[in-house]
Amino acid sequence: MPKKADILLTNAILLTMDEEFNQYEPGAVAVKGDTILAAGPEAEIKKAYTAGKTIDCGGKVLMPGLVNAHTHVPMTLLRGLADDLRLDVWLLGYIMPVEREFVSPDFIKLGTLIGCAEYIRTGITTYADMYYYEEDIAKATVEAGLRGVLGQTVLKFPTPDAMSFEDSLESAREFIVGWKDHNLIIPAVAPHAPFTCTPDILKACSSLAAEFDVPLHTHLAETAVEVENMIAENNMSVVPYVKKQNLFDAKVIAAHCVHIDFGEIMTLKNHKAGIAHNPSSNLKLASGIAPVMEMLEEGLNVGIGTDGPASNNDLDMFEEVRLAAFLAKHHTNDPTSLPAKNALLMATRMGAAALHIDHITGSLEPGKRADLILVDINTLHNSPRFRRDPDGVYAQLVYAGKSTDVTDVMVNGKWVMQDRHLLTINQSELLEQAQEYAHRVDSFLIEREQSVLAKLIAIGGATEGESFEVQAKVKIANPKPIIENLGIPDIVIVYERHYHEYDTYFGFDDPSQGSVRHREDEFVNKKGEVEYVRARLTHVGLAREGEFPSKVLLSRSRFLAPATQSLRFLREYFQPDSELFIEKDRLRWLVRYKGTEFYVNIDRVDKPELGHYLEIKSRTWSRRDAETKAEMVAELIEVLGASPDETVTEDYTEIVGIEK
Ligand SMILES: [Zn+2]
């Protein structure tokens, strides 16, 4: 007596991707509810099962849906926004500022649905994500009918959905609690990367993931710079560092792992971490080539991912699988490395294992969920077909197959695409809305590109501050008598500092833009040793607000930000028309003169050699206050024994003259 199924899929080239790589032609699959009852030779399946619906697959390949092991799906809305840039300029200069401005639940929903439409069309049934508002990604994923391992991002910086890491950790907990029993969604926590998280964040994420037995998704060792910095700061490479933060208490999904050594591979293996290899992203961002063959040889589960659509720029797993095979061959200088069959395994069963969900999906076997696709390999670009070698069909799919050959997709027992018609998503409506976003983002960036100050604010961390100060600069021949005069009873010294300052000025052809100054301050202690270094970024606006007698100036506004980026980054980001370097030794006193505080600087300008200058400055907040202070500054010049006739109104940049 045959058993009852809901759907019988017959007349297929059935690739089960099970442990034995069993394939059947003609093969058939029986599905009941969300589950696969049986997969095998058509004759056997037909004899054992009856179903309300039998679907003739027309000789297409019937195989497990593809598993995209690493992505940031809503970034479909940012694809093509900025390309051919270095990772930091791309991320800090463009992506993050736009995300801060635009990412909202509405943005997330639209971006996710577009990504899911693309997933379905390219045969992806499961994906592992890491982004913001993961709850909204989950809702859209369910609407599209896909399976997702979705990680709520946690970072040490404020994010579009959280003011602090405590907030994002709390929303990660809520997200996990709310979704942990869902039939399509596996919630996860995603500490972004070791260098964007603190040790405490990594530990907290790991214990959260362990508490609920959900995956922890992160980026590890993506670039050589990351590893260099890690070694410089912590004296160890990336994998031992995260191990020290207890990361492997959780089921880890580690994206990239490009720059890891054999010891690190063994650590990842011992802790059963899953790896997400991202060929297009690593190639496009020139991050390097991951040691995939070494990882596979040691028995690690390595899946394949597209990474975010803004760094790929599409979500085409057929392309990624092909590139994974090619990259492995190129990297090992051996064309027998990573045969097509194994590359496809990475995108199916092994990919699911890398996400710690191979008990649910990744192969067509009884008991697993019905996540499957039909691929037409009877196409112009994929003909003819040889049958002598049973592995030939894998080569057909990997080396000649295209994502557009996918015709039908079922997830969890439900069709989401049939005969290339999307059943859960209205594609054209979404694309219209995406175009509206693109228009708004374009306008935002065009406006920003016109203002150096806006660009400075956009890279974040800026302490917005407009200040006014009265100041005078006097050329002096010898600093000694002036330093001695600072000891007179009228002057109270609040503190004294010694700096070595390295200033790089970026100038722009449009003078109304002002200039950007990158200053590295070396704080020199009493013993003459450099005690610490700090770097700051300042927007120097149009300075002159007014002039008082004795050439005392009222100057306006600096916009200060801690400079966490390298000069190289700033140069590529601001694209200045000219550049100027000034190096000086600065003795600085904060003094109280007749009850008012003044900064007294004695500068020795070493590069270029300009000699000594005395600078006196005081913050001010009203015209009247400025007038009083200007008089006192003029008085101080004389009290300190400098000559008012030697007062100059030019800045050092103007004295030197910015070179083109
Ligand atoms: Zn990524």
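The following refers to the structure shown.

1. Notes on the overall build of the protein
- The helix and strand inventory of the protein stands at 21 helices and 28 strands.
- Overall size of the protein, expressed as C-alpha extent along the three principal axes, is 110 × 50 × 45 Å.
- When each of the 660 residues of the protein is scored for burial, the buried share is 55%.
- For the protein, the share of sequence-separated contacts (at least 6 apart) that also reach a separation of at least 24 residues comes to 71%.
- Total accessible area on the protein is roughly 27800 Å²; 50% of this is exposed by carbon and sulfur atoms.
- Computing the positive centroid from 68 side-chain charges and the negative centroid from 99, the protein places the two 2 Å apart.

2. Comments concerning unusual backbone geometry
- A cis geometry characterises the amide bond from Glu 25 onward to Pro 26, with omega recorded as 0°.
- Assignment of secondary structure puts Pro 26 in strand E2 (residues 23-32).
- Between Ser 383 and Pro 384 the backbone carries a cis peptide bond, its omega angle lying at -5°.
- Topologically, Pro 384 is positioned in the loop between strand E14 (372-375) and helix H15 (392-400).
- We note that Asn 333 has phi near 55°; this positive angle belongs to a residue other than glycine.
- Note on placement: Asn 333 falls in the loop between helix H12 (317-332) and helix H13 (340-346).
- Residue Asn 333 is classed as exposed on the basis of its relative accessible area, which comes to 71%.

3. Some points on the packing of aromatic side chains
- For the structure on display, the rule yields 13 aromatic pairs.
- Seen in terms of ring centroids, Phe 107 and Tyr 437 are 5.3 Å apart; in terms of plane orientation they differ by 90°. Their pairing is edge-to-face. A residue pair is termed long-range when its members are at least 10 positions apart, and Phe 107 in helix H3 (residues 105-121) and Tyr 437 in helix H16 (residues 427-449) qualify at 330 residues.
- An angle of 20° between the planes, with centres 5.0 Å apart, marks the rings of Phe 523 and Tyr 532 as stacked.
- On the accessibility criterion, Tyr 532 (38% relative accessible area) is partly exposed.
- Aromatic rings pair up to connect Tyr 94, Phe 569, Tyr 573 and Phe 574 into one cluster.
- Over the aromatic face of Phe 21 sits the side chain of Lys 341, whose NZ or CZ is 4.6 Å from the ring centroid.
- Taking the ring centre of Tyr 94 as reference, the NZ or CZ of Arg 448 above it sits at 5.0 Å.

4. Looking at a negative patch on the surface
- Among the surface-exposed residues, Glu 166, Asp 167, Glu 170 and Glu 174 lie close enough to one another that they form a single negatively charged patch.
- Assessed through its relative accessible area of 39%, Asp 167 is described here as partly exposed.

5. Some words on the coordination of the zinc ion
- Around the zinc ion, the donor atoms from the protein are His 70 (NE2), His 72 (NE2), His 219 (NE2) and Asp 307 (OD), and they sit 2.1 to 2.4 Å away.
- Geometry at the zinc ion is irregular, judged from the four donor atoms that bind it and their angles of 85 to 173° at the metal.

6. Observations regarding the pattern of salt bridges
- Under the definition given, this model contains 35 salt bridges.
- The salt bridge involving Arg 173 is made with Glu 211; its shortest N-O contact spans 2.9 Å. Highlighted residues: Arg 173 in helix H5 (residues 165-179) and Glu 211 in helix H6 (residues 199-212), separated in sequence by 38 residues.
- Here Arg 173 falls in the partly exposed class, since its relative accessible area comes to 29%.
- Owing to a relative accessible area of 48%, Glu 211 belongs among the partly exposed residues under this scheme.
- Between Asp 213 and Lys 251 there is a salt bridge whose closest N-O contact spans 3.6 Å. Within this pair, whereas Asp 213 is found in the loop between H6 and strand E10 (215-220), its partner Lys 251 is found in strand E11 (residues 251-256), the two being separated by 38 residues in sequence.
- Relative accessible area serves as the criterion here: at 54%, Asp 213 is assigned to the exposed category.
- Salt bridges sharing partners connect three or more residues here, namely Glu 469, Lys 473, Glu 501, Asp 503, Arg 519, Lys 584, Arg 586, Asp 603, Glu 615 and Lys 617.

7. Looking at the nonpolar core
- Among the nonpolar cores identified, the biggest contains 132 residues, and Leu 268 and Phe 574 are the most heavily contacted of them.
- A total of nine residues in this core trace back to one element, the largest contributor, which is H3.
- Beyond its immediate stretch of four places on either side in the chain, Leu 268 contacts Leu 220, Val 239, Phe 248, Cys 257, Ile 260, Ala 273, Ile 275 and Leu 300.
- Formed by 27 residues, the second largest nonpolar core is a distinct cluster that contains Val 474, Val 591, Tyr 593 and Phe 598.

8. Looking at the pairing of strand E26 (residues 596-607)
- Pairing of strand E25 (residues 578-593) with E26, which is carried by 11 bridges, proceeds in the antiparallel orientation. Across the sheet, Trp 589 pairs through a bridge with Val 600, a residue of E26.
- Both E26 and strand E27 (residues 611-620) contribute to a ladder of seven bridges, which runs antiparallel. Residue pairing in the sheet places Val 600 in a bridge with Ile 616 of E27.

9. Here we look at H5
- For H5, built from 15 residues, the straight-helix expectation of 21 Å at 1.5 Å per residue is met to within 8% by its first-to-last C-alpha distance of 21 Å.
- Looking at the buried residues of H5, the elements they touch are helix H4 (134-144), strand E8 (147-154), strand E9 (185-191) and H6.

10. A closer look at the side chain of Glu 222
- Position of Glu 222 relative to the elements: it lies in the loop between E10 and helix H7 (224-234).
- Buried within the structure, Glu 222 lacks any salt-bridge partner; its nearest side chain of opposite charge belongs to Lys 284, at an N-O separation of 11 Å.
- Contact partners of Glu 222, with chain neighbours within four places excluded, come to His 256, Val 258, His 259, Ser 281, Leu 285, Ser 287 and Asp 307.

11. What to know about the packing of helix H2 (residues 87-102) against helix H19 (residues 567-574)
- Following both chains from N to C, one finds H2 and H19 inclined at 55°, their axes separated by 10 Å at the closest point. By the criterion of interaxial angle, the relationship of H2 to H19 is oblique. Here H2 runs over H19; the crossing is right-handed. Between H2, through Asp 88, Val 89, Leu 92, Gly 93 and Tyr 94, and H19, the contact on the second element is made entirely by Arg 568, Phe 569, Glu 572 and Tyr 573.
- The residue makeup of the contact of H2 with H19, split by class, is five nonpolar, one polar and three charged.

12. Thoughts on the packing of H2 against H16
- Between H2 and H16, the least distance of the axes is 11 Å, while the angle of their chain directions is 120°. Classified by the angle between their axes, H2 and H16 sit oblique to one another. Crossing geometry of H2 relative to H16 is assigned as right-handed. On H16, the residues that touch Gly 93, Tyr 94, Pro 97, Val 98, Glu 101 and Phe 102 of H2 are Tyr 437, Arg 440, Val 441, Phe 444, Leu 445, Arg 448 and Glu 449.
- Split by residue class, the contact of H2 with H16 holds eight nonpolar, one polar and four charged.

About the criteria used
Residues numbered from 1 in each chain as written. Predicted model: local features only at pLDDT ≥ 70, side-chain atom pairs only at ≥ 80, totals over all residues. Heavy atoms only, no water. Helix = DSSP H or I, 4+ residues; strand = E, 2+ residues; numbered from the N terminus. Buried < 20%, exposed > 50% of the residue type's maximum accessible area, 1.4 Å probe, protein only. Contact = heavy atoms within 4.5 Å. Areas by Shrake-Rupley, 256 points an atom, 1.4 Å probe, with all protein chains shown as cover. Lys, Arg positive; Asp, Glu negative; His and termini not counted. Charge placed at Lys NZ, Arg CZ, Asp CG, Glu CD. Phe/Tyr/Trp six-rings, centres within 6.5 Å; stacked < 30°, edge-to-face > 60°. Lys NZ or Arg CZ within 6 Å of the ring centre and 35° of its normal. Patch = residues over 30% accessible without salt bridge, like charges linked within 9 Å, V, L, I, M, F, W, Y side chains within 5 Å. Salt bridge = Lys/Arg side-chain N within 4 Å of Asp/Glu carboxyl O. Donors = N, O, S within 2.8 Å, 3.2 Å for Na, K, Ca; no water. Tetrahedral: all angles 85-135°; square planar, octahedral: opposite > 155°, others 65-115°. Core = buried A, V, L, I, M, F, W, Y, C linked by side-chain atoms within 4.5 Å. Pairing = 2+ DSSP bridges. Expected span 1.5 Å × (residues − 1). Axes fitted to C-alpha atoms, helices over the stretch in contact; angles between N-to-C directions. Parallel < 35°, antiparallel > 145°, perpendicular 65-115°, else oblique. Left-handed = near helix turned anticlockwise from the far one by under 90°. Nonpolar A, V, L, I, M, F, W, Y, C, P; charged D, E, K, R; others polar.

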